[in-house]
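# A look at the structure
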Amino acid sequence: MSGSQRIGPGTFVPVVGPSGAGKDTLIRLVADTFADHSGVRFVRRLVTRPADSATEDHDSLNEAAFARMIGADDVALHWRAHGLGYAIPLIVDDWIAAGAVVIANLSRKAIPTAADRYSTVAVVNVTASPDILRARLEGRGRETGADIEERLTPVPISVPDGVELVEIVNDREPEAAARLLQGVVERHIREAVRQPAE
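Bear in mind the structure is a predicted one, so any value in this text is a computation, not a measurement. (Residues numbered from 1 in each chain as written. Predicted model: local features only at pLDDT ≥ 70, side-chain atom pairs only at ≥ 80, totals over all residues. Heavy atoms only, no water.)

Turning to the overall build of the protein, a few remarks are in order. Scanning the protein from terminus to terminus reveals 7 helices and 9 strands. Per-residue burial for the protein yields a buried fraction of 43% across its 198 residues. Accessible surface computed for the protein: about 10200 Å², of which carbon and sulfur atoms make up 51%. (Helix = DSSP H or I, 4+ residues; strand = E, 2+ residues; numbered from the N terminus. Buried < 20%, exposed > 50% of the residue type's maximum accessible area, 1.4 Å probe, protein only. Areas by Shrake-Rupley, 256 points an atom, 1.4 Å probe, with all protein chains shown as cover.)

As structure tokens, this is what we get:
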């Protein structure tokens, strides 16, 4: 998709950043705020990993099912990271087309594809200091020492022309960082209201 073929008029808000930055925590806090708002949607990802209490709330599928969905073009976005497959369900296209603000935990490598698919994209990059990231990764007990070192390797972020980038440092109480994410969502809600009716 490109140019006028991109899906709109809604806004896609990918929340990106390193493991341990607290993306899922911030998304959960903001989701509570907008629980009764029909114009704000939060994405439940598809992941080739069993669900458990220590991970995000996601829909699990095996590698064969993941490959079939990708082959059939039955997902909006997909990528692989740390040996797992991730996907954003196709229903997101409908939400964006209906004018919603849609928030999703996304990989940085999927930003260009998202920008090519949706007419308005506002990337929120959540970060924290290396010491805090390490402590959070060690605390959740899902990764080995080598995995932690890999996840702590700095990855620069860049966004395509025309894509908004908001930086949020989440190294204190998560409620403070969540308010910043909430502010991004509220601003795009207001902008959607100001758009002239077709």
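A few words now on helix α1 (residues 23–33). Note: α-helices contain 3.6 residues per turn, so residues at a spacing of three or four share the same orientation. Looking only at α1, the buried set comprises Lys 23, Leu 26, Ile 27 and Val 30. Along α1, the residues classed as buried sweep out an arc of 100 degrees about the axis, all on the same side. (Arc of directions from axis to C-beta.)

Once that is clear, we can look at the pairing of strand β6 (residues 84–89). Most of β6 sits inside the fold, with 6 of its 6 residues counted as buried. Sheet analysis places strand β3 (residues 46–47) next to β6, joined by 2 bridges and oriented antiparallel. By the bridge assignment, Val 47 is partnered in β6 with Tyr 86. (Pairing = 2+ DSSP bridges.)

Our focus in this paragraph is the sheet that holds β3. One open sheet holds the 4 strands; their spatial order is β4-β3-β6-β5, and the pairing between them is mixed. Each edge of the open sheet is held by one strand with a lone partner, namely β4 (59–60) and β5 (75–81). For β3 and β4, the ladder comprises 2 bridges, and the chain directions are parallel. Note that in β4 the partner of Leu 46 across the bridge is Asp 59.

One pass over the full model with this rule turns up 6 salt bridges. With its nearest N and O atoms 2.7 Å apart, the salt bridge here joins Asp 93 to Arg 117. Residue Asp 93 is found in helix α3 (residues 91–97), and its partner Arg 117 is found in helix α4 (residues 111–117); the two are separated by 24 residues along the sequence. Across this residue pair, the class does not change: Asp 93 and Arg 117 are buried. Through salt bridges with shared partners, one network takes in Glu 164, Arg 187 and Glu 191. (Salt bridge = Lys/Arg side-chain N within 4 Å of Asp/Glu carboxyl O.)

Let us now look at unusual backbone geometry. Residue Pro 9 is bonded to the preceding Gly 8 through a cis peptide linkage, with omega at 15 degrees. By the secondary structure assignment, Pro 9 is in strand β1 (residues 7–16).

Attention now goes to the sheet that holds strand β2 (residues 40–42). The parallel open sheet is built from 5 strands, whose spatial order is β2-β7-β1-β8-β9. Unpaired on one side and paired on the other, β2 and β9 (164–169) mark the two borders of the sheet. If you compare each strand with its neighbour and ignore which way they point, the axes differ by 20 degrees on average. Each of β1, β2, β7 (101–105) and β8 (118–127) touches α1; the most contacted strand, β7, lies at about 150 degrees to it. (Axes fitted to C-alpha atoms, helices over the stretch in contact; angles between N-to-C directions. Contact = heavy atoms within 4.5 Å.)

A separate point is the nonpolar core. One finds Phe 12, Leu 77, Ile 88, Val 92, Val 102, Leu 106 and Tyr 118 to be the most contacted residues of the largest nonpolar core, which totals 27 residues. Elements with a contribution of two residues or more to this core: β1, β5, β6, α3, β7, α4 and β8. In terms of residues, this core owes the most to one element, β5, which gives 4 residues. Val 40, Val 101, Leu 133 and Ala 177 belong to the second largest nonpolar core, which has 22 residues in total. (Core = buried A, V, L, I, M, F, W, Y, C linked by side-chain atoms within 4.5 Å.)

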